[in-house]
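The lines below spell out each chain.
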Amino acid sequence: MARRFALKDFAYAHRGLWTKDGLPENSLGSFRAAAEAGLGIEFDLRLSADGEVMVFHDPDLHRMTGTAGVLETLPATDLRSHRLKGGDEPLPSFEDLLSIWPHHLPMLAEMKIDGSTDPAAFARKVGQRLLDWPGLAAAMSFSHVAVRALPEGLMRGQLIAQSSEYGEAYFDAFAKAAMADGIDYLAVHYTDAARAAAMLDGLDMPFVVWTVNTEADLAALKPYKPAVIFEHFSPALALSAIAP
């Protein structure tokens, strides 16, 4: 069974430890680099046409592969034939990632819910696979239906869209509903750190912020003590933020 862990004890590389001119995002190379740096990872999951869970962010293949196609319309064998831009790696499956990821470092699996994806069925599929895996793992989604469908025993996180786009009332209502569902943590945009910290004050519930990409933003978050999903600055800086 996937083991629970203290969210704030780790820093998390957003889509792996990728760089604009090096390892591609959501690639096995970027995940290996994160593990070598002692980081946890955040990554994205989507479902292929034949029901295999793939690691990829966008619904469309073009940005990351340079080829046309919608991921959910293609079988896994076809998807593996596409190479990620910036390297010579194929588009990885969830099983590919699980086969290389060390059990002592955590993974935050974001389930992407759009197109024809059934949120509850997808969550059950991802959640069951994680329950069968012996490492540190949690799953999360912007879809409250998906989060609610995750199996008992697995760490569940609720992603909430930023209040600057959807409004403070939306943010507060969504967060309160998720908390009432018994989630384990909130995942919010870093600009909502103060709001999340105030909402969780006095409660035994952590939150993680996404996606921090400057040293100044990391420093500004310090009073709120979130876990941090980051990209484009050094792992040492990210790890220093969780030092006692």
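The preceding data block contains the structure.
The structure contained in this document is the topic of the report that follows. (Residues numbered from 1 in each chain as written. Predicted model: local features only at pLDDT ≥ 70, side-chain atom pairs only at ≥ 80, totals over all residues. Heavy atoms only, no water.)

### Side note on the overall build of the protein chain
Turning to step 1, where the next piece is worked out: Helix and strand counts for the protein chain come out as 11 helices and 9 strands.
Turning to step 2, where the next piece is worked out: Taken over C-alpha atoms, the radius of gyration comes to 17 Å for the protein chain, in line with the 18 Å a tight globule of 244 residues would show.
Turning to step 3, where the next piece is worked out: Principal-axis analysis of the C-alpha atoms gives the protein chain an extent of 50 × 35 × 35 Å.
Turning to step 4, where the next piece is worked out: Within the protein chain, buried positions represent 53% of all 244 residues.
Turning to step 5, where the next piece is worked out: The contacts of the protein chain with a sequence gap of at least 6 include a subset with a gap of at least 24, amounting to 58%.
Turning to step 6, where the next piece is worked out: Here the protein chain has roughly 10,500 Å² of accessible surface; of this, 54% comes from carbon and sulfur atoms. (Helix = DSSP H or I, 4+ residues; strand = E, 2+ residues; numbered from the N terminus. Rg over C-alpha atoms; globule rule 2.2 N^0.38 Å. Buried < 20%, exposed > 50% of the residue type's maximum accessible area, 1.4 Å probe, protein only. Contact = heavy atoms within 4.5 Å. Areas by Shrake-Rupley, 256 points an atom, 1.4 Å probe, with all protein chains shown as cover.)

### A word on the nonpolar core
Turning to step 1, where the next piece is worked out: Counting residues in each nonpolar core, the largest one holds 76 residues, and the members touching the most others are Phe43, Met107, Leu186 and Phe230.
Turning to step 2, where the next piece is worked out: The element that contributes the greatest number of residues to this core is helix α5 (residues 119-131), accounting for 6 residues.
Turning to step 3, where the next piece is worked out: In contact with leucine 186, not counting residues within four places along its chain, are Gln158, Ile160, Ala175, Met179, Leu200, Met205, Pro206, Phe207 and Val208.
Turning to step 4, where the next piece is worked out: The next biggest cluster of nonpolar side chains, apart from the first, holds 10 residues, and it includes Met54, Met64, Ala76 and Leu91. (Core = buried A, V, L, I, M, F, W, Y, C linked by side-chain atoms within 4.5 Å.)

### Thoughts on helix α8 (residues 168-180)
One turn of the α-helix equals 3.6 residues, which is why residues spaced by three or four share an orientation.
Turning to step 1, where the next piece is worked out: With 13 residues, α8 ought to run about 18 Å at 1.5 Å a step, and its terminal C-alpha atoms sit 18 Å apart, in line with that.
Turning to step 2, where the next piece is worked out: Along α8, the residues classified as buried are Phe171, Asp172, Phe174, Ala175, Ala178 and Met179.
Turning to step 3, where the next piece is worked out: Contacts made by the buried residues of α8 are with α6 (144-149), β6 (155-160), α7 (163-166), β7 (185-189) and α9 (193-200).
Turning to step 4, where the next piece is worked out: Backbone geometry just after α8 places glycine 182 at a positive phi near 85°. (Expected span 1.5 Å × (residues − 1).)

### Considering the side chain of histidine 189
Turning to step 1, where the next piece is worked out: For histidine 189, the location among the structural elements is in strand β7.
Turning to step 2, where the next piece is worked out: The exposure class assigned to histidine 189 is buried, which follows from its relative accessible area of 14%.

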